[in-house]
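Listed below, chain by chain, are the residues.
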Amino acid sequence: MNCIFCENETSTDRSIEHIIPESLGNKDHTLPRGVVCDKCNNYFARKVESPILDLEYFKLTRNEEGLFNKRGRPVTITALFKDETGGYLSTDIGISPDGDTLNIHILNEMVFDRIRSGDGINEVMFLKAPMEPPVGLLGRFLAKIAVESFVLRLLDAPNFLQDFIREESLKPIRKYARYGGEDWVYHQRILYPRNYPQPDLIPNEYYQCLHEFDFLYTTDSELYFVLAIFGVEYVINMGNPSIDGYQRWLEKNDYISPLYTEKNIQAMKV
Ligand SMILES: [Zn+2]
């Protein structure tokens with residue numbers, strides 16, 4: 001077997017690849033060992049996923065969702081405490097939900113001691129999280145998830161992996177995910193507030209949707225990957241760095257999300 005990104009032989013590789021990082025709540029969508037080699041798995045974790053997960057926006061969201069990191073610890077965010085001189089003391093804090101309350105752990109001992117001693121600290125600020133992570137980072141993060149989701153869908157088909165690696169039209173997106181290069185544009189919009197309960201297939205039961213994804217094949221023969229994380233929809237073209245075809249599709253389809261088209265609702269019911 002060969003790695004779907006670098007194409008190296010993977011017979012001795014051990015990594016199970018999480019398509020969406022575990023710390024975004026994904027336990028189910030994984031690729032078996034040998035599909036993504038250890039080196040690529042490690043590269044994505046350090047260079048593509050960590051910088052995204054460490055963005056203040058994702059840290060705050062993960063905090064609010066009560067998601068812990070891989071080691072089972074609360075995600076930390078940055079807080080600034082204002083002292084009597086008007087200066088700020090910066091510290092990481094961990095927030096963990098506990099029933100209806102949130103526990104706050106102040107990780108900088110010096111700041112903690114000063115707060116405890118009532119030493120002139122009377123105000124705390126949290127950094128405002130920008131909604132827009134840097135384009136290059138999130139583009140590659142989406143490209144990686146798109147490639148792996150595509151492989152996951154078809155993994156059981158005979159000879160699929162060999163054919164996938166030879167497929168010329170999908171080479172640019174997997175090279176972009178793994179090696180970077182010119183930025184691919186992606187489409188981003190808010191679908192619903194992230195704590196909004198989604199109607200489940202079982203009547204009268206609701207679940208909080210952390211992430212969902214699907215593919216859209218347009219009448220112009222373009223393939224798009226559509227992912228929603230915490231209520232924000234991200235779309236990337238599987239064939240080239242342009243998103244124009246998706247804009248046209250949206251205009252024709254009253255700006256519905258491809259995640260909720262008739263085709264997908266029917267598929268979910270089967
Ligand atoms: Zn590899």
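Everything numeric in this text was worked out from a predicted model, so none of it was measured. (Residues numbered from 1 in each chain as written. Predicted model: local features only at pLDDT ≥ 70, side-chain atom pairs only at ≥ 80, totals over all residues. Heavy atoms only, no water.)

Caption draft 1: Representation of the pairing of strand 3 (residues 76–82) in the model. For strand 3, the buried fraction is high: five of the seven residues fall into the buried class. With four bridges connecting them, strand 3 and strand 6 (residues 123–126) associate as antiparallel partners. Bridged to Phe 81 within strand 6 is Val 124. (Buried < 20%, exposed > 50% of the residue type's maximum accessible area, 1.4 Å probe, protein only. Helix = DSSP H or I, 4+ residues; strand = E, 2+ residues; numbered from the N terminus. Pairing = 2+ DSSP bridges.)

Caption draft 2: Quick peek at helix 3 (residues 109–116). Its side-chain oxygen 3.0 Å from the backbone nitrogen of Met 110, Asn 108 forms the N-cap of helix 3. Just past helix 3, the residue Gly 118 takes up positive phi, approximately 65 degrees. (Polar contact = N/O pair within 3.5 Å; in protein donor to acceptor, adjacent residues only side chain to side chain.)

Caption draft 3: Main features of the packing of aromatic side chains. Per the stated rule, a full pass over the model turns up 12 aromatic pairs. Summarising the aromatic geometry, the rings of Phe 150 and Phe 160 are spaced 6.3 Å apart at their centres and angled 45 degrees between planes, so their arrangement reads as tilted. Separated by 10 residues along the polypeptide, Phe 150 in helix 4 (residues 135–154) and Phe 160 in helix 5 (residues 160–166) bring together distant segments of the chain. Accessibility assignment for this pair places Phe 150 and Phe 160 in one class, buried. For the pair Tyr 224 and Tyr 246, a centre-to-centre distance of 5.8 Å together with 45 degrees between the ring planes defines the contact as tilted. Of this pair, Tyr 224 sits in strand 11 (residues 223–229) while Tyr 246 sits in helix 7 (residues 244–252), and the two are 22 residues apart along the sequence. Owing to a relative accessible area of 0%, Tyr 224 belongs among the buried residues under this scheme. For Tyr 246, a relative accessible area of 0% puts it in the buried group. Positioned above the aromatic ring of Phe 44, the side-chain terminus of Lys 144 is 5.9 Å from the ring centre. Just above the ring of Tyr 43 sits the side chain of Arg 178; from NZ or CZ to the centre is 4.2 Å. (Phe/Tyr/Trp six-rings, centres within 6.5 Å; stacked < 30°, edge-to-face > 60°. Lys NZ or Arg CZ within 6 Å of the ring centre and 35° of its normal.)

Caption draft 4: View of the nonpolar core. Membership of the largest hydrophobic core comes to 49 residues, with the highest contact counts inside it found for Ile 4, Phe 5, Phe 58, Phe 164, Phe 225 and Tyr 234. Looking at this core, the elements that each hand over two or more residues are helix 1 (38–53), helix 2 (56–65), helix 4, helix 5, helix 6 (171–179), strand 10 (211–217), strand 11 and strand 12 (232–237). Sorting elements by how many residues they give to this core places helix 4 first, with nine residues. If we skip the residues at most four places from it in the chain, Tyr 234 touches Tyr 57, Phe 58, Leu 138, Leu 142, Tyr 186, His 187, Gln 188, Phe 225, Val 226, Leu 227 and Ile 229. (Core = buried A, V, L, I, M, F, W, Y, C linked by side-chain atoms within 4.5 Å. Contact = heavy atoms within 4.5 Å.)

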